[in-house]
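Spelled out from the first residue to the last, the chains are:
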Amino acid sequence: MRGKQILIGALSALLVLTTSGTAGAKGKTKRSDNHVMTASVVFKPTSETNLTNDVYDMVDPSSTAYHQYLTPSQFAEKFGQSTAYVNSVKTYLNKYHLTTSTFAGNLAIKVKGHRSDLNKAFKARYVKGKPSRTTYHLPGKLSKNVVAVIGLYAKKADGKVASKKSAKISNSAVPTSGEKPQTDISGNQFSKQYGAAKFADHYQLSSLYDKGLTGQNQRIGIVSYGDFRKSDLQTYWRQAGVADHLNQIHKIYTIDNAKTVTKDMNHSLSEAQIEATLDVQSASAIAPGADIDFYIGSSANQATNDSAVYFTTFAQAISDNQDQQISTSFAPTVELPGQWDDHSSTLRQYNHAFNLLLEQAAAQGITVFRASGDNGPRDMPGKVENHSVTTSPYQVIVGGTTLPYQKIINHRVVSVKQERAWGDTYSAVPSKNQPANFPGGGGGFSALNPTPRYQQGFSGINTFRAIELLKYKKGGYLINKHPRVIYGTGHSRNLPDVSSNADIQTGYATYLSGPKVISDSKKKIKTAQTKIWMIGGGTSYAAPQVAAANAVMGSGLQTRIGFWNPQIYKFAAQQDTPFNVLDDADQNNNLYYTGQPGKLYNQATGLGTINYEKLYGHFQDEKATD
């Protein structure tokens, strides 16, 4: 959470950052014409229909295009705008003292420069309204193939931007367990209780380790808003029995440079650092043989808004084409127009642009994973269905579960007898009618994306069972004493796709260090260096773990697995399914959606949890039929 203090005893698993533009932290944000900003110009593909068809054909063994993945230059030749057209746009912008670079694939360019120069080049004009907008104009033929311009903000340099209430997911919604892991045990024991072995043993990934598969010859991309300390990663590895392999960890800074980002990290321990740290620790422990490319999109003073940061950072990772899989636990905001922070692209334009970018990833054989969130279907309080952007059908959205456990919590026994959807009202302290927040895996229906091909007609898709466990009151929720069961239908992209352990009560260990902001007895603010071992939960752990498991499988397949979703929905309908469907209706909910008995899909856990030994076998069989 930029520019704010954090509570070390709290951990958010999906950070929805909206601290720029009109949506942001409470107070006012000042923008200067002297700030260097980054924007993106996104172009149409030569044929969106052909691109989508090819993306599906590339993972269809019956197609001649099966696994015929493209390099970025091949993608540019087949689907990108011509180099002549892209260069003409760049030449025009360069006249205004702007630096431009083309993302490989010719679907977008990165534009960097002072805000005043950006506004002059794009003839940007601020239009006050609800929401306020920045209109822009490119001359003549230059505008004909533009899908969106992301990141412009036109207003007087000395103007102040009145901000809306932040849409950021609060840390208090997803606290840690309050427990600390045992650190006086062996690496193997630690891993089984709090780390990679806990995941691998439960989801049958260990059998692939037995085959010698550890992610070798694979690269995992992680898209983040924050940075991490390599020394923290080494401390975690030593405790978890993972060999030190810092030479396999690569940091790529996409907005601000390393010096600026490191200075910011050294100022105070932030949510973004916590998230970055748990992402890299989770992925590197599951796939120790893989390289990790850690893409850091961070903008000092929010000169570049979060929507532009997110797009630029993803575009860089996909353009580089180094990684067979990319994971992220971040999103720029939620699917609510009133919370949208980019003035120059609408929410739907941005969603369209991002979908095109992820289609490029799929055409290159990159599998993209994203955390579903930790507030059930409510990423904003008081309303169902306001998921984080993006709910793109071209990524694997990873939901959350709770592993079986029995604990004494708040002086009473809490027992979960079998793995279930993560939707925790059962371990809550009786609130005495005080509103509270409850954690659960994200799931439901997209407001932006229609039902994709692979979900159409699939058992359980676009039909749901839900239970009104909670009622909203004064900024929080109360548990309904007599919850109502609801049945209904939907007509859009259903999420999540798969699920994995994310509950805080059955969570994983993370180690981090840094300056903690505190106040003394005289209320003076100062910092103190702190070192923290904690047990956390959230789909932020699940997404990089699943991505790393994909790298483990990929190291044995000798080919990019590519766009998962059309493949896994097909596997899920087969008799020897690699998925454990969590369809119990009574003891399986994500704070709203429940299991659907007899259905293969539900909006609490998607297709369910994964048996990686079986999933690997299915991918092998598909490859053998090619």
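Above this note sits the structure.
Residues numbered from 1 in each chain as written. Predicted model: local features only at pLDDT ≥ 70, side-chain atom pairs only at ≥ 80, totals over all residues. Heavy atoms only, no water.

Colleague: Can you break down the side chain of R465 residue by residue, with the values?
Modeller: With respect to the element layout, R465 can be found in strand β21 (residues 463-467). A distance of 3.4 Å separates the side chain of R465 from the side chain of Y487, its partner in a polar contact. Among the polar contacts made by the side chain of R465, one reaches the main-chain carbonyl oxygen of A585 at a distance of 3.3 Å. Apart from the residues lying within four places of it in its own chain, the contact partners of R465 are V485, I486, Y487, A585, D586, Y592, Y593, T594, G595 and Q596. (Helix = DSSP H or I, 4+ residues; strand = E, 2+ residues; numbered from the N terminus. Polar contact = N/O pair within 3.5 Å; in protein donor to acceptor, adjacent residues only side chain to side chain. Contact = heavy atoms within 4.5 Å.)

Colleague: Residue-level account of the environment of Q596, with values.
Modeller: With respect to the element layout, Q596 can be found in the loop between β29 (579-580) and β30 (609-610). Distance from Q596 to G460, taken between C-alpha atoms, is 7.2 Å for residues 136 residues apart in sequence. Sequence-distant contacts of Q596, that is, excluding residues within four places in its chain, are made with G460, T463, F464, R465, D583, Y601, N602 and Q603. Separated by 3.3 Å, the side chain of Q596 and the backbone oxygen of G460 make a polar contact.

Colleague: Describe in detail the sheet that holds strand β4 (residues 99-103), supporting the description with residues and values.
Modeller: One open sheet holds the 4 strands; their spatial order is β4-β5-β3-β8, and the pairing between them is antiparallel. Across the chains shown, the open sheet's two edge strands, defined by having one partner strand only, are β4 and β8 (146-150). Averaged over all neighbouring strand pairs, the angle between strand axes comes to 20°, with direction disregarded. Pairing geometry for strand β3 (residues 36-43) and β8, over 4 bridges, is antiparallel. Across the sheet, residue F43 finds its bridge partner in β8, namely V146. On top of the sheet, helix α11 (residues 306-320) reaches β3, β4, β5 (108-114) and β8; it is set at about 60° to β3, its chief contact. Taken strand by strand, helix α12 (residues 347-363) contacts β3 and β8, and its axis lies near 110° from that of β8. (Pairing = 2+ DSSP bridges. Axes fitted to C-alpha atoms, helices over the stretch in contact; angles between N-to-C directions.)

Colleague: Which residues make up the packing of helix α1 (residues 48-57) against α12, and what values do they have?
Modeller: Running from amino to carboxyl end, α1 crosses α12 at an angle of 45°, the nearest separation of the two axes being 9 Å. Compared by their axis directions, α1 and α12 come out oblique. Here the hand of the crossing between α1 and α12 comes out left-handed. Across from E48, L51, T52 and V55 in α1, the residues of α12 making contact are H352, L356, E359, A362 and A363. Of the residues contributing to the contact of α1 with α12, the split by class is 5 nonpolar, 2 polar and 2 charged. (Parallel < 35°, antiparallel > 145°, perpendicular 65-115°, else oblique. Left-handed = near helix turned anticlockwise from the far one by under 90°. Nonpolar A, V, L, I, M, F, W, Y, C, P; charged D, E, K, R; others polar.)

Colleague: Could you give an account of a positive patch on the surface, naming the residues involved and the relevant values?
Modeller: A contiguous patch of positive charge on the surface is contributed by K471, K473, K474 and K481. Relative to the elements of secondary structure, K474 occurs in the loop between β22 (470-473) and β23 (476-479). Accessibility expressed as a relative area gives 75% for K474, which makes it exposed. (Patch = residues over 30% accessible without salt bridge, like charges linked within 9 Å, V, L, I, M, F, W, Y side chains within 5 Å. Areas by Shrake-Rupley, 256 points an atom, 1.4 Å probe, with all protein chains shown as cover. Salt bridge = Lys/Arg side-chain N within 4 Å of Asp/Glu carboxyl O. Lys, Arg positive; Asp, Glu negative; His and termini not counted. Charge placed at Lys NZ, Arg CZ, Asp CG, Glu CD. Buried < 20%, exposed > 50% of the residue type's maximum accessible area, 1.4 Å probe, protein only.)

Colleague: Now, about helix α8 (residues 230-240): what can you tell me, with residues and values included?
Modeller: Within α8 the residues assigned to the buried category are D232, L233, Y236, W237, Q239 and A240. Seen along its axis, α8 keeps its buried residues to an arc of 165°; they face one direction. After α8 finishes, the residue G241 shows a positive phi value of roughly 75°. (Arc of directions from axis to C-beta.)

Colleague: Would you mind going over the pairing of β23 in detail, with residue names and values included?
Modeller: Sheet topology places β22 next to β23; 4 bridges connect them, and they run antiparallel. Each bridged residue has a counterpart across the sheet, and for Y472 the counterpart in β23 is Y477. The hairpin formed by β22 and β23 contains 2 residues between the paired strands, and K474 there has a positive phi angle of roughly 50°.

Colleague: So what's going on with the pattern of salt bridges? Residues and values would help.
Modeller: A side chain with one charge can pair with a side chain of the opposite charge if their charged atoms come near. Scanning the entire structure with this criterion turns up 10 salt bridges. A salt bridge links K251 to D227, with the nearest nitrogen and oxygen atoms 2.8 Å apart. Here K251, found in strand β11 (residues 249-253), pairs with D227, found in the loop between β10 (219-224) and α8; they are 24 residues apart in sequence, far enough to count as distant. Judged by relative accessible area, which is 24%, K251 ranks as partly exposed. Note that R484 is salt-bridged to E468, the shortest N-O span being 3.4 Å. Linking R484 in the loop between β23 and β24 (485-489) with E468 in the loop between β21 and β22, this pair joins segments that are 16 residues apart in sequence. Overall, E468 belongs to the partly exposed group, its relative accessible area being 28%.

Colleague: Go over the nonpolar core, please, and point to the residues and values.
Modeller: With 122 residues, the main nonpolar core has F311, F314, W564 and Y612 as its most contacted residues. The element contributing the most residues to this core is helix α13 (residues 539-557), with 11 residues. Grouped together as the second largest cluster of nonpolar side chains are 21 residues, F43, I109, L118 and L152 included. (Core = buried A, V, L, I, M, F, W, Y, C linked by side-chain atoms within 4.5 Å.)

Colleague: Just give me the short version of unusual backbone geometry, but keep the residues and values in it.
Modeller: Residue P131 follows K130 across a cis peptide bond; omega there is 0°. The omega angle of the peptide bond from V389 to T390 is 15°, so this bond is cis rather than trans. Among the secondary structure elements, T390 is positioned in the loop between β15 (367-371) and β16 (396-402). One non-glycine residue with positive phi stands out, namely N106, at about 60°. Position of N106 relative to the elements: it lies in the loop between β4 and β5. Judged by relative accessible area, which is 10%, N106 ranks as buried.

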